[in-house]
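# Observations on the three-dimensional arrangement
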Amino acid sequence: MSTQSLNPGWKMVKFGDIAQNVAVRVDPADAKTDVYVGLEHLDPSTLHLRQWGHPSDVTGQKLAFKKGDVIFGRRRAYQRKLAVAEFDGICSAHAMVVRAKPKMILPDFLPFFLQSDMFMERAIEISVGSLSPTINWKTLKVQEFPLPPLDEQKRIAEILWAADDAEEGFSKSIEQHRFLIRKVGVTFYKESGYPKYRFSEHVEDSAYGPRFSNALYDINGGIGQIRTTDISDSGDIEYSTVPLANLDVSAYQNHILNGGDLLISRSGTCGVASVYEDQSFPMIPGAFLIRFRLKTSLLPEFAREYFNSLPGRMQTARLAQGGVQSNIRGSSLLEEEIPIPDIGIQESVVSMFRQLRAELEDLHSHRSKLLTLKKSMLMNVGKEIAHV
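Since the model is a prediction, treat every value here as computed from it, not as a measurement.

### Side note on the overall build of the protein
- In terms of helices and strands, the protein carries 9 helices and 19 strands.
- For 388 residues, the compact-globule formula gives about 21 Å, and the C-alpha radius of gyration of the protein, at 27 Å, lies well above that figure.
- Along the three orthogonal principal directions, the C-alpha set of the protein runs to about 80 × 50 × 40 Å.
- When burial is assessed residue by residue, the protein has 47% of its 388 residues classed as buried.
- Intrachain contacts of the protein at a sequence separation of at least 6 include 78% that bridge at least 24 residues.
- Total accessible area on the protein is roughly 19,800 Å²; 50% of this is exposed by carbon and sulfur atoms.
- Distance between charge centres in the protein, computed from 45 positive and 47 negative side chains, equals 7 Å.

Written out as structure tokens, the structure reads:
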């Protein structure tokens, strides 16, 4: 790009002229900090550090960073991992500690500059190595990029940080709501003093999901099979990912699910419960799911909320047997005693959980829309910088 094509005030700059690579090496044993940031701690969906480890977790020389520095994952740059440090610490040597040169680029603008497609595409392009492509500072510092003037940088940064603050607000609200749901679960199922009954007393029928050859999976099949991987940790079934199989409906009639059937995973993440909702075509449970058809004395949603609550998870965890792949037996679950109040109380509890989960879903929806908007704004920044 020639300088003649730049807008007034913009200029082409070498990356090394606007930012410095802070390569202060530290032995973790001598680090005067409690914070260690590895590449595994960097979340590509945010500029904020939401997790970190401790220097005692690692060995070998690391890099020191200061509050305000950008920790940029130079190894496998295509993962787009970077974060703004909100405190001092040390980080992996597979990262790069980048510090703005304020006379050239504002520290508040630098993170978004690094997130832009224009910068990321160049970073990926100059990475070397096949298994773990890595950026070398010597190569990066001579790369040239168009840079807006400081007042324009300030305008862009203010808009994007405002969007980031709003997104962080939704993220915190989501975590608070999740905590509230867990707390309500403990209150209702552990501290309420509800009478306990053997689970089998409220179960009409139960069965493991059937096994069949993988060769029978067929996108044109007539029966869907719900697997444990189609169920979230909170018990929601993602019907769009359920595979179809070419099976004879009559041969699997005893396994066809009815609306309201309770499904509990017996392997993998043991004890996760979900409630099947009627679909437009027949479905059966996977081999690692147990199907329970309940009596009218126990609401499926109430049972689901119990088994997914902290007390319920602790109870089913005690039943898991085996080594690498632990399992829960259906017979063991049926023998367990669980809190079961009268139907009126069950309905009230279910209603409260529905409201809490609806509010949580609404928060997720708002956050998702904001993330989409933020991504669009960031892409426009990259286009604006790259194509002036």
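### Details of the environment of alanine 31
- Relative to the helices and strands, alanine 31 resides in the loop between β3 (25-26) and β4 (36-37).
- Look at alanine 31 and you get buried, because its relative accessible area is 17%.
- Taking the C-alpha atoms as reference, alanine 31 lies 8.4 Å from alanine 64; in sequence the two are 33 residues apart.
- With residues up to four places along the chain from it excluded, the contact list for alanine 31 reads Val26 and Ile90.

### Some points on the sheet that holds β4
- Taking strand neighbours across the sheet as the criterion, the 4 strands line up as β3-β5-β8-β4 in an open arrangement whose pairing is mixed. In the strand order of this sheet, the two ends are held by β3 and β4, each with one partner.

### Comments concerning unusual backbone geometry
- Positive phi outside glycine occurs at arginine 76, with the angle close to 55°.
- By secondary structure assignment, the location of arginine 76 is in the loop between β6 (70-73) and β7 (82-84).
- Even without glycine at this site, arginine 80 takes up a positive phi of about 55°.
- By the secondary structure assignment, arginine 80 is in the loop between β6 and β7.

### A word on the pattern of salt bridges
- Counted under the stated rule, the structure contains 16 salt bridges.
- A salt bridge links arginine 99 to aspartate 69; its shortest N-O distance comes to 2.7 Å. Highlighted residues: arginine 99 in strand β9 (residues 95-100) and aspartate 69 in the loop between β5 (62-65) and β6, separated in sequence by 30 residues.
- Members of the salt-bridge network, linked through shared partners, are Arg50, Glu167, Glu168 and Arg367.

### Describing the pairing of strand β13 (residues 223-226)
- Residues Ile223 and Gln225 point to one face of β13 and Gly224 and Ile226 to the other, with burial holding for every one of them.
- When β13 meets strand β14 (residues 244-245), the two strands line up antiparallel, connected through 2 bridges. Following the sheet pairing, glycine 224 is matched in β14 by leucine 244.
- In this sheet, strand β17 (residues 283-285) lies alongside β13 in parallel orientation, the contact comprising 3 bridges. When the bridges of β17 are listed, glycine 224 appears paired with methionine 283.

### Observations concerning the packing of aromatic side chains
- Under the criterion given, the structure shown has 17 aromatic pairs.
- Centroid distance tryptophan 52 to phenylalanine 87: 4.9 Å. Interplanar angle 65°. Geometry classified as edge-to-face. In this pair, tryptophan 52 sits in the loop between β4 and β5 while phenylalanine 87 sits in the loop between β7 and β8 (89-91), placing the two residues 35 residues apart along the sequence.
- Its relative accessible area of 40% is what places tryptophan 52 among the partly exposed residues.
- Overall, phenylalanine 87 belongs to the partly exposed group, its relative accessible area being 23%.
- The interplanar angle of 55° and the centroid separation of 6.2 Å between the aromatic rings of phenylalanine 109 and phenylalanine 113 together place this pair among those described as tilted.
- Exposure remark for phenylalanine 109: the relative accessible area of 0% places this residue in the buried category.
- Each residue in the set Phe15, Phe72, Phe109, Phe113, Phe119, Trp137 and Phe145 is aromatic and connected to the rest through ring pairs, giving one cluster.
- Here the guanidinium or amino end of arginine 211 rests over the ring plane of phenylalanine 288, the centre of that ring lying 5.3 Å away.
- Just above the ring of tyrosine 208 sits the side chain of arginine 266; from NZ or CZ to the centre is 4.3 Å.

Reading the values: rules and limits
Residues numbered from 1 in each chain as written. Predicted model: local features only at pLDDT ≥ 70, side-chain atom pairs only at ≥ 80, totals over all residues. Heavy atoms only, no water. Helix = DSSP H or I, 4+ residues; strand = E, 2+ residues; numbered from the N terminus. Rg over C-alpha atoms; globule rule 2.2 N^0.38 Å. Buried < 20%, exposed > 50% of the residue type's maximum accessible area, 1.4 Å probe, protein only. Contact = heavy atoms within 4.5 Å. Areas by Shrake-Rupley, 256 points an atom, 1.4 Å probe, with all protein chains shown as cover. Lys, Arg positive; Asp, Glu negative; His and termini not counted. Charge placed at Lys NZ, Arg CZ, Asp CG, Glu CD. Pairing = 2+ DSSP bridges. Salt bridge = Lys/Arg side-chain N within 4 Å of Asp/Glu carboxyl O. Phe/Tyr/Trp six-rings, centres within 6.5 Å; stacked < 30°, edge-to-face > 60°. Lys NZ or Arg CZ within 6 Å of the ring centre and 35° of its normal.

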